[in-house]
Amino acid sequence: MNTKIAKYGVKPVTRPKVPATKTLDLRNELGKQIVLSETKLVLRTHAKTFKKLADM
């Protein structure tokens, strides 16, 4: 990655690793709502793909 950036004249910068500080619990009612909304979004975004898979 750094060689690609240096090719355009931009100085590469090393970034620190940021550890995850929050855990996601999908067992409660809010977690179920997150899963449901993400599922709807994926089905809407990739509707043609799922239709092709269903017809196989």
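Residues numbered from 1 in each chain as written. Predicted model: local features only at pLDDT ≥ 70, side-chain atom pairs only at ≥ 80, totals over all residues. Heavy atoms only, no water.

Trainee: What should I look at first to understand the overall build of the protein chain in this one?
Mentor: From N to C terminus, the protein chain includes three helices and zero strands. For the protein chain, the succession of helices and strands along the chain, N to C, is α-α-α. Over its C-alpha trace the protein chain gives a radius of gyration of 20 Å, far above what one expects of a compact globule, namely 10 Å for 56 residues. For the protein chain, the spread of C-alpha atoms along the principal axes amounts to about 50 × 35 × 15 Å. When each of the 56 residues of the protein chain is scored for burial, the buried share is 2%. For the protein chain, the separation between the mean place of its 13 positive charges and that of its 4 negative charges on side chains is 15 Å. (Helix = DSSP H or I, 4+ residues; strand = E, 2+ residues; numbered from the N terminus. Rg over C-alpha atoms; globule rule 2.2 N^0.38 Å. Buried < 20%, exposed > 50% of the residue type's maximum accessible area, 1.4 Å probe, protein only. Lys, Arg positive; Asp, Glu negative; His and termini not counted. Charge placed at Lys NZ, Arg CZ, Asp CG, Glu CD.)

Trainee: Please explain the pattern of salt bridges as it appears in this structure.
Mentor: When charged atoms on two side chains of opposite charge get close, those side chains can pair. Under the counting rule described, the total for this entry stands at two salt bridges. Across the pair Arg 27 and Asp 25 runs a salt bridge, and its minimum N-O distance is 2.9 Å. Taking the relative accessible area as the measure of exposure, Arg 27 reaches 70% and is therefore exposed. (Salt bridge = Lys/Arg side-chain N within 4 Å of Asp/Glu carboxyl O.)

Trainee: Explain a nonpolar patch on the surface here, please?
Mentor: A surface patch of nonpolar side chains, about 460 Å² in accessible area, is lined by Leu 24, Leu 26, Leu 30, Ile 34 and Val 35. Checked against the element boundaries, Leu 24 lands in the loop between helix 1 (2-7) and helix 2 (29-45). Judged by its relative accessible area of 64%, Leu 24 falls in the exposed class. (Patch = residues over 30% accessible without salt bridge, like charges linked within 9 Å, V, L, I, M, F, W, Y side chains within 5 Å. Areas by Shrake-Rupley, 256 points an atom, 1.4 Å probe, with all protein chains shown as cover.)

The quantities given are spatial measurements derived from coordinates; they are silent on function.
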